[in-house]
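Residues per chain, in single letters:
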Amino acid sequence: RSAADAAAEFKNAMRRLAAGVTIVATGGAKGRDGLTATAVCSLSADPPQVLVCVNRNSAPNAAIARAKRFSVNILATRHKSLALRFAGVTGVQGDARFARGEWLTAETGAPVLADALAWFDCTLVDSMQHGTHTVFIGRVRAAHASKKGVPLLYAAGAFHALTKKAARTDRK
């Protein structure tokens, strides 16, 4: 089996793993940049830290490394078009991606989406390169959670929403 076949098989299998959809964003002297990401998770509660994986060939990768700060914005189903925009589907790049949505500047200087389900404002504490991606570890300096909206999910190559019943189970 070839390396290309193994990579395709791996990607196909990973598409079966449903994941929350986020926008990872940063800002610095060269402007803002960001991308849609599903490879995001909690790393530690004490101190509060998140882990984000970003393709090394993407412009936001270099921007995060330069700025040493980033935000993670958890998207709701109402943000599907924004997710596509930051995924590069619309062809819009860099700072122009922020022309849609209400973006605020957080304490670190990173942009945060005002109506995100939740956002985390982070300073970069470590990064490491593995394969095609850079793993960024961010110390959470501030966080905000909304009570409105249903999480946007990505699985099998498409966006999905939880059913209303499933979305309500965590409120008990």
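Residues numbered from 1 in each chain as written. Predicted model: local features only at pLDDT ≥ 70, side-chain atom pairs only at ≥ 80, totals over all residues. Heavy atoms only, no water.

Student: Go over the sheet that holds strand β11 (residues 152-155), please, and point to the residues and values.
Tutor: On the basis of which strands lie adjacent, the open sheet formed by three strands has the order β1-β11-β12 and antiparallel pairing. Only two strands of the sheet have a single partner each, and these edge strands are β1 (19-20) and β12 (158-161). (Pairing = 2+ DSSP bridges. Helix = DSSP H or I, 4+ residues; strand = E, 2+ residues; numbered from the N terminus.)

Student: Requested: an account of the packing of aromatic side chains, with residues and values cited.
Tutor: By the definition in use, this model includes four aromatic pairs. Relative to Trp103, the ring of Phe86 has its centre 5.5 Å away and its plane inclined at 45°; by these criteria the two rings are tilted. In this pair, Phe86 sits in helix α3 (residues 80-86) while Trp103 sits in strand β7 (residues 103-105), placing the two residues 17 residues apart along the sequence. Considered together, Phe86 and Trp103 belong to a single accessibility category, that of buried residues. Members of the aromatic cluster, joined through ring pairs, are Phe86, Phe98 and Trp103. (Phe/Tyr/Trp six-rings, centres within 6.5 Å; stacked < 30°, edge-to-face > 60°. Buried < 20%, exposed > 50% of the residue type's maximum accessible area, 1.4 Å probe, protein only.)

Student: Pulling in residues and values, what's your account of the pairing of β11?
Tutor: Regular strands place side chains that alternate from one sheet face to the opposite one. Bridge count for β1 against β11 is two bridges, and the pairing is antiparallel. By the bridge assignment, Gly20 is partnered in β11 with Leu153. With four bridges connecting them, β11 and β12 associate as antiparallel partners. Looking across to β12, one finds that Ala155 is bridged to Ala158. Remark: two residues form the turn of the hairpin made by β11 and β12, two consecutive strands paired antiparallel; Ala156 in that turn has positive phi of roughly 55°.

Student: Explain helix α2 (residues 59-67) to me, using residue names and the numbers behind them.
Tutor: Among the residues making up α2, those that are buried are Pro60, Asn61, Ala63, Ile64 and Ala67. Looking straight down α2, one finds its buried side chains confined to an arc of 165°; they lie on one side. Buried residues belonging to α2 abut β2 (22-28), β3 (31-37), β5 (48-55), β6 (69-74), β9 (118-130) and β10 (133-145). Just beyond α2, the residue with positive phi is Lys68, at close to 60°. (Arc of directions from axis to C-beta. Contact = heavy atoms within 4.5 Å.)

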